[in-house]
Amino acid sequence: MADEQKIVVEVPSDRGYLPITSTSELSKLEEFKKGWADAIALPDNLQDLAYTLASSVAIPALLSSCWVNIPIPGFIRLGVMGMLVMAGFVALYLRQAVPEVKDILLLRVGLVAAGVLLGI
């Protein structure tokens, strides 16, 4: 043990060294908000944007057309209505909790509503 040397590291005080935590790490709430903002955001390229907008109208139009024209049992209709109510609550929560997605969420809900009205 007598042969071991001690290593001393001096930190210059003129730099104002302060051990801080990494600012690149986001809190769980910020990760949640960023995840939803990324999921709801519109695509950057034109082809994907056209597909996304068209499918946001066409799929609800197809489903609402089937809803009107195909005889569906009452319990299935009730279950679908319950799921739509839950989706509405989630959309309202996201609108309030993640202000960054307010405009895009409104656009997407409007496109789905237009599709539903076209299908009826």
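The sections below set out a description of the structure shown in this document.

Analysis parameters
- Residues numbered from 1 in each chain as written.
- Predicted model: local features only at pLDDT ≥ 70, side-chain atom pairs only at ≥ 80, totals over all residues.
- Heavy atoms only, no water.
- Helix = DSSP H or I, 4+ residues; strand = E, 2+ residues; numbered from the N terminus.
- Buried < 20%, exposed > 50% of the residue type's maximum accessible area, 1.4 Å probe, protein only.
- Contact = heavy atoms within 4.5 Å.
- Areas by Shrake-Rupley, 256 points an atom, 1.4 Å probe, with all protein chains shown as cover.
- Expected span 1.5 Å × (residues − 1).
- Salt bridge = Lys/Arg side-chain N within 4 Å of Asp/Glu carboxyl O.
- Phe/Tyr/Trp six-rings, centres within 6.5 Å; stacked < 30°, edge-to-face > 60°.
- Lys NZ or Arg CZ within 6 Å of the ring centre and 35° of its normal.

## Digging into the overall build of the protein chain
Then, in step 1: The secondary structure content of the protein chain amounts to four helices and zero strands.
Then, in step 2: Reading the secondary structure of the protein chain in the N-to-C direction produces α-α-α-α.
Then, in step 3: Going through the 120 residues of the protein chain one by one, you find that 14% of them count as buried.
Then, in step 4: At a minimum sequence separation of 6, the contacts of the protein chain that also span at least 24 residues come to 70%.
Then, in step 5: Roughly 10,100 Å² of accessible area belongs to the protein chain as shown, and the carbon and sulfur atoms make up 67% of that amount.

## Topic: helix α3 (residues 74-97)
For the α-helix, the turn length of 3.6 residues means that residues three or four positions removed from each other point alike.
Then, in step 1: Here α3 is 24 residues long and its end C-alpha atoms lie 34 Å apart, about the 34 Å a rise of 1.5 Å per residue gives.
Then, in step 2: Within α3 the residues assigned to the buried category are Ala91, Leu94 and Ala97.
Then, in step 3: In the core, the buried residues of α3 are packed alongside α1 (28-40) and α4 (102-119).

## Structural notes on the pattern of salt bridges
Then, in step 1: What the rule picks out here adds up to one salt bridge.
Then, in step 2: A salt bridge links Lys34 to Asp38, with the nearest nitrogen and oxygen atoms 3.2 Å apart. Remark: Asp38 and Lys34 occur in helix α1; sequence separation between them is four residues, near one turn of the helix.

## A look at the side chain of Ser56
Then, in step 1: Tracing the chain through its elements places Ser56 in helix α2 (residues 46-69).
Then, in step 2: In this structure Ser56 touches Arg108, Leu111 and Val112, once residues within four positions along its chain are discounted.

## Comments concerning the environment of Arg95
Then, in step 1: Within the secondary structure, Arg95 sits in helix α3.
Then, in step 2: In this structure the C-alpha to C-alpha distance between Arg95 and Leu105, which are ten residues apart in sequence, comes to 7.2 Å.
Then, in step 3: When near neighbours in sequence (up to four residues on either side) are disregarded, Arg95 contacts Lys102 and Leu105.

## What about the packing of aromatic side chains?
Then, in step 1: Tallied over the full model, the rule gives zero aromatic pairs.
Then, in step 2: Positioned above the aromatic ring of Trp67, the side-chain terminus of Arg77 is 4.7 Å from the ring centre.

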